[in-house]
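Overview (structure and organization)
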Amino acid sequence: MLSTLRSPRAALHRHLSSRTRGQSLVEFALILPVFMLFFAAILDLGRIASAQIAVTNAAREGAFQAAQTPTDFDSTTGCPADGETNVIYCRIKLESSGGVSVAPTDVDVSCSPADCATGIGNTVTVRVRGHFSLLTPLMAVLFGGNQNVTFTGSAVVNRETLPVWTGGVAPTASPSPSPSPSTSASASASASASAPPVTCFEPSAGFTVTTTPKSNRAPVVATVVDTSTSINCGISSWFWTWGDGTTALGQVPGPHTYVAKNPNDSGFYEITLKVTNAAGSKTSGAIQVQVK
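Just so it is clear, the structure is predicted and the values come from calculations on it, not from any experiment.

With that settled, the discussion passes to the sheet that holds strand β5 (residues 220–226). In space, the 6 strands of this open sheet follow the order β1-β2-β3-β4-β5-β8, with antiparallel pairing throughout. Among the strands making up the open sheet, the edge pair consists of β1 (107–112) and β8 (256–258). Strand-to-strand twist in this sheet, taken as the mean axis angle between neighbours without regard to direction, amounts to 20°. In this structure, strand β4 (residues 207–212) lies alongside β5, joined through 6 bridges in antiparallel fashion. In the strand pairing of β5, Thr210 is matched with Thr223.

What follows deals with the packing of aromatic side chains. Aromatic ring pairs are described here by two measures, namely the spacing of the ring centres and the angle between the planes. The final tally for this structure, using the stated rule, is 4 aromatic pairs. Consider the rings of Phe132 and Phe151, whose centres lie 6.0 Å apart with planes at 50°: the pair is tilted. Of the two residues, Phe132 sits in strand β2 (residues 123–133) while Phe151 sits in strand β3 (residues 148–158), which places them 19 residues apart along the sequence. Phe132 gets classed as buried once you look at its relative accessible area, which sits at 2%. Aromatic side chains Trp240 and Trp242 sit 6.3 Å apart centroid to centroid with 10° between the ring planes, which places their arrangement in the stacked category. Note on Trp242: relative accessible area 3%, which makes it buried. Aromatic ring contacts, followed pair by pair, group Phe207, Trp240 and Trp242 into a single cluster.

This part covers the side chain of Asp106. Mapped onto the fold, Asp106 is located in the loop between α3 (87–95) and β1. Although buried, Asp106 forms no salt bridge, and the nearest oppositely charged side chain, Arg129, lies 4.0 Å from it. Looking at Asp106, its side chain comes within polar contact range of the side chain of His131, at 3.1 Å.

This part is about the pairing of β4. With 2 bridges joining them, β3 and β4 adopt antiparallel strand pairing. Across the sheet, Ser154 pairs through a bridge with Val209, a residue of β4.

Cut-offs used in this document
Residues numbered from 1 in each chain as written. Predicted model: local features only at pLDDT ≥ 70, side-chain atom pairs only at ≥ 80, totals over all residues. Heavy atoms only, no water. Pairing = 2+ DSSP bridges. Helix = DSSP H or I, 4+ residues; strand = E, 2+ residues; numbered from the N terminus. Axes fitted to C-alpha atoms, helices over the stretch in contact; angles between N-to-C directions. Phe/Tyr/Trp six-rings, centres within 6.5 Å; stacked < 30°, edge-to-face > 60°. Buried < 20%, exposed > 50% of the residue type's maximum accessible area, 1.4 Å probe, protein only. Lys, Arg positive; Asp, Glu negative; His and termini not counted. Salt bridge = Lys/Arg side-chain N within 4 Å of Asp/Glu carboxyl O. Polar contact = N/O pair within 3.5 Å; in protein donor to acceptor, adjacent residues only side chain to side chain.

See below:
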C-alpha cells in the first residue's frame, strides 16, 4: 500500500530526470513564435498611436501654413527639392512620420469664403489622410482585417490678417530752428497726443478635432483643441455646439461622446465654436464627425 502511494512522486522524479536538452529546445521552439507574435502586436499598438498623432500634427502644420498662403498647394505634384513652391504639402510631408505616408492627393485645402480672401473671421481648413501598414495580422482584426490602415486628421485656422492702424494720418516732424527747452517740451507733448489708440478687433474662431475609434463605430469620442486668436484683447468666452443638441463652455471643454449614429444627417454631426471678446463674437466653420 505504501509503495502504491509513493508511485506518482517516483514517476514524476523519473520523468524530470529523464528529460533531455533536446526536448527543452523543442518546447522553446514551439513557444517562441507565440511570444514573438504577441511582442509584435504590442509594438503595433505603439506604432498606431504614433501614426495617429503624426497625421493630426501634419494637418495642423499644413493649416498654419495655409493661413498665410492658402493657394500655394498643388495636389498633382510633390514637394520640390528647394521647398519654394507647394509649401503647404511640404510642411505636411515634413511633419508626417512614424511610418505614415501622405501623398499630395491625400491633402484637401478649402477656404471660407471660397476665394480664400483675407479678413477677420475668414478660415481655411486642411484635411490629411495618412496611410499606415501594420506589422501583424492580430491588430488588423480591429480594422476589418486590413493591414493597410488610413488615418485622417483635419484642422481649421483663421486666415492670417494684419490689423489696420486706425489712428489717422501719421504725424510728420517739423524742424525747429533752435533746440530750445520750450520747443522740446512742445514736441514731446505733440508726440504723446498723436500716439494711435490701441484697438480691440473681433476674434477669429478656430479649432481642431481628433476622434476615436478610427472605425467611427459608436460610441465615438471627439476631442477638440481651440486655435482661436484675438488681437489686442483677450477672448472672454468659448461656446461649443456638438451637433447632437448639447453644448459646452470653456476653452477646454473636454472629450465629447457620440453614443449613436445621427439619423438626420447620414451619421454626421457638425461641431462649431463661437468665441467672444470685448469687440464682438465670431463663429467658426463646422467640422463634421461621422458616427456609424
